[in-house]
Amino acid sequence: MSRVRGRDPRTGLAALSPRPPGMEPDRSFSGRRALVTGAGKGIGRAAALALSGAGAQVVALSRTQADLQSLEREGTGIETLCVDLGDWDATEAALSKVGAIDLLVNNAAVAVLQPFLEVTKEAFDRSFDVNLRAVFHVSQIISQQMIARGVQGAIVNISSQASQRALQDHAVYCSTKSALDMLTKVMALELGPHKIRVNSVNPTVVMTDMGRINWSEPQKAAAMISRIPLQKFAEVDDVVNSILFLLSDKSAMTTGVSLPVDGGFLVS
């Protein structure tokens, strides 16, 4: 019997009715510690809350203090860390104090959309700094720590369908996500012998608060939906469920995979 009763307006996740008597809560991540970047809003925030709800100790990282404060007010016990991942030295200093991490979700990203002929140096550098270099840096620090502790770890990088399809005005964004997919594969290859799995999730348009604003114009939305066989955009929980699967022991033999959450966009 379904327990869904609409969606939580803050996270986009399905809101559940009270658990039936005798049914144990999902604590599949108990005893594990997770770091989620870009956790102030959208997918990152929802992933942090979902991991916390499943028993993980969560460190939520964002560059926006106000978002982290609102997360703290929810009383979930989530730890918060405020740092701009585009700043290499500040990131290194912050992560040196984060403690043991078993699970990593690299979600932080920026999307600066410009036509190819109008791309600026600032847009190019900022996009690659956050979408690729920061993932490389954070993953390197956390992986070295996992190896030193001798633990099995899991890393999920949040990529995009734009890594595999050219989109208008997305020259830089598509490039960063394509590079992220290849980084995911190389990380999986090199970290596998250390029992660390690395995968990516590649969503279509996701109905975060920002996604709803950016795709509110009916003609623009219809043009994209017409390319998706399931004829709809993804909800936040569609992406979060895939993240949790790839972090969990249910995917213990899965590494180096780019998992589309795109309603079939990439097959069309």
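Overview of the structure.

Rules used throughout
- Residues numbered from 1 in each chain as written.
- Predicted model: local features only at pLDDT ≥ 70, side-chain atom pairs only at ≥ 80, totals over all residues.
- Heavy atoms only, no water.
- Helix = DSSP H or I, 4+ residues; strand = E, 2+ residues; numbered from the N terminus.
- Rg over C-alpha atoms; globule rule 2.2 N^0.38 Å.
- Buried < 20%, exposed > 50% of the residue type's maximum accessible area, 1.4 Å probe, protein only.
- Contact = heavy atoms within 4.5 Å.
- Areas by Shrake-Rupley, 256 points an atom, 1.4 Å probe, with all protein chains shown as cover.
- Lys, Arg positive; Asp, Glu negative; His and termini not counted.
- Charge placed at Lys NZ, Arg CZ, Asp CG, Glu CD.
- Core = buried A, V, L, I, M, F, W, Y, C linked by side-chain atoms within 4.5 Å.
- Pairing = 2+ DSSP bridges.
- Axes fitted to C-alpha atoms, helices over the stretch in contact; angles between N-to-C directions.
- Arc of directions from axis to C-beta.
- Expected span 1.5 Å × (residues − 1).
- Bend = angle between axes of the 7 residues up to and from the residue.
- Phe/Tyr/Trp six-rings, centres within 6.5 Å; stacked < 30°, edge-to-face > 60°.
- Lys NZ or Arg CZ within 6 Å of the ring centre and 35° of its normal.
- Salt bridge = Lys/Arg side-chain N within 4 Å of Asp/Glu carboxyl O.
- Parallel < 35°, antiparallel > 145°, perpendicular 65-115°, else oblique.
- Left-handed = near helix turned anticlockwise from the far one by under 90°.

### Structural notes on the overall build of the chain
- Of the regular secondary structure elements, the chain holds 8 helices and 9 strands.
- Relative to the globule expectation of 18 Å for 268 residues, the C-alpha radius of gyration of the chain, 18 Å, shows essentially globular dimensions.
- Counting the 268 residues in the chain, one finds 50% classified as buried.
- Taking as baseline every contact in the chain between residues at least 6 positions apart, the subset at least 24 positions apart corresponds to 69%.
- Of the accessible surface of the chain, which amounts to about 13,300 Å², a share of 56% is contributed by carbon and sulfur atoms.
- Each charge sign in the chain was given a centre, from 27 positive and 26 negative side chains, and these centres are 5 Å apart.

### Details of the nonpolar core
- If you look at the biggest cluster of nonpolar residues, it comprises 34 residues, and the most contacted ones within it are Phe-29, Leu-51, Val-201, Ile-243 and Leu-247.
- Beyond its immediate chain neighbours, meaning those up to four positions away, Ile-243 contacts Ile-43, Ala-47, Val-105, Val-156, Ile-158 and Val-201.
- Val-98, Ile-141, Leu-180 and Met-187 belong to the second largest nonpolar core, which has 26 residues in total.

### Details of the sheet that holds strand β4 (residues 57-62)
- Pairing within the open sheet is parallel, and its 7 strands lie in the order β5-β4-β3-β6-β7-β8-β9. Unpaired on one side and paired on the other, β5 (79-82) and β9 (258-261) mark the two borders of the sheet. Each neighbouring strand pair of the sheet contributes to a mean axis angle of 20 degrees, computed without reference to strand direction.
- Relative to strand β6 (residues 103-106), strand β3 (residues 33-37) is paired through 3 bridges, and the arrangement is parallel. The residue bridging Leu-35 from the neighbouring strand is Leu-104, located in β6.

### Some points on unusual backbone geometry
- Positive phi, normally seen in glycine, also occurs at Asp-169, with a value near 65 degrees.
- Within the fold, Asp-169 resides in the loop between β7 (153-158) and α5 (171-191).
- We classify Asp-169 as partly exposed; its relative accessible area is 33%.
- The phi torsion at Gln-231 lies on the positive side, around 60 degrees, for a residue other than glycine.
- Checked against the element boundaries, Gln-231 lands in the loop between α7 (218-225) and α8 (236-247).

### As for helix α2 (residues 65-73)
- The complete set of buried residues in α2 reads Asp-67, Leu-68, Ser-70 and Leu-71. Looking down the long axis of α2, one finds its buried residues gathered within 160 degrees of arc, a one-sided arrangement.
- Buried residues along α2 sit against α1 (42-53), β4 and β5.
- Positive phi appears at Gly-75, one or two residues downstream of α2, with a value of about 70 degrees.

### Structural notes on helix α4 (residues 121-149)
- The end-to-end C-alpha distance of α4, which contains 29 residues, comes to 40 Å, matching closely the 42 Å that a straight helix rising 1.5 Å per residue would cover.
- Within α4, the axis deviates most sharply at Arg-133, by approximately 40 degrees.
- Gly-150 sits one or two residues past α4 and shows a positive phi near 70 degrees.

### Section: the packing of aromatic side chains
- Evaluated as defined, the whole model comprises 2 aromatic pairs.
- Just above the ring of Trp-215 sits the side chain of Lys-220; from NZ or CZ to the centre is 4.6 Å.

### Here we look at the pattern of salt bridges
- Under the defined criterion, the tally for this structure stands at 9 salt bridges.
- One salt bridge in this structure joins Arg-33 and Glu-79, with 3.0 Å as the shortest N-O distance. Within this pair, whereas Arg-33 is found in strand β3, its partner Glu-79 is found in strand β5, the two being separated by 46 residues in sequence.
- For Arg-45, the salt bridge is made with Glu-74, and the minimal N-O distance between the two is 2.9 Å. One end of the pair, Arg-45, is in helix α1; the other, Glu-74, is in the loop between α2 and β5, and 29 residues separate them in sequence.
- Overall, the relative accessible area of 9% leaves Arg-45 in the buried class.
- We classify Glu-74 as partly exposed; its relative accessible area is 24%.

### Let's talk about the packing of α4 against α5
- With their axes 9 Å apart at the nearest point, α4 and α5 run at an angle of 15 degrees to one another. Classified by the interaxial angle, the pair formed by α4 and α5 is roughly parallel. For the pair α4 and α5, the sense of crossing is right-handed. Side by side, α4 and α5 meet where Ala-123, Phe-124, Ser-127, Phe-128, Asn-131, Leu-132, Val-135, Phe-136, Ser-139, Ser-143 and Ile-147 of the first sit next to Val-172, Tyr-173, Ser-175, Thr-176, Lys-177, Ala-179, Leu-180, Leu-183, Met-187 and Leu-191 of the second.

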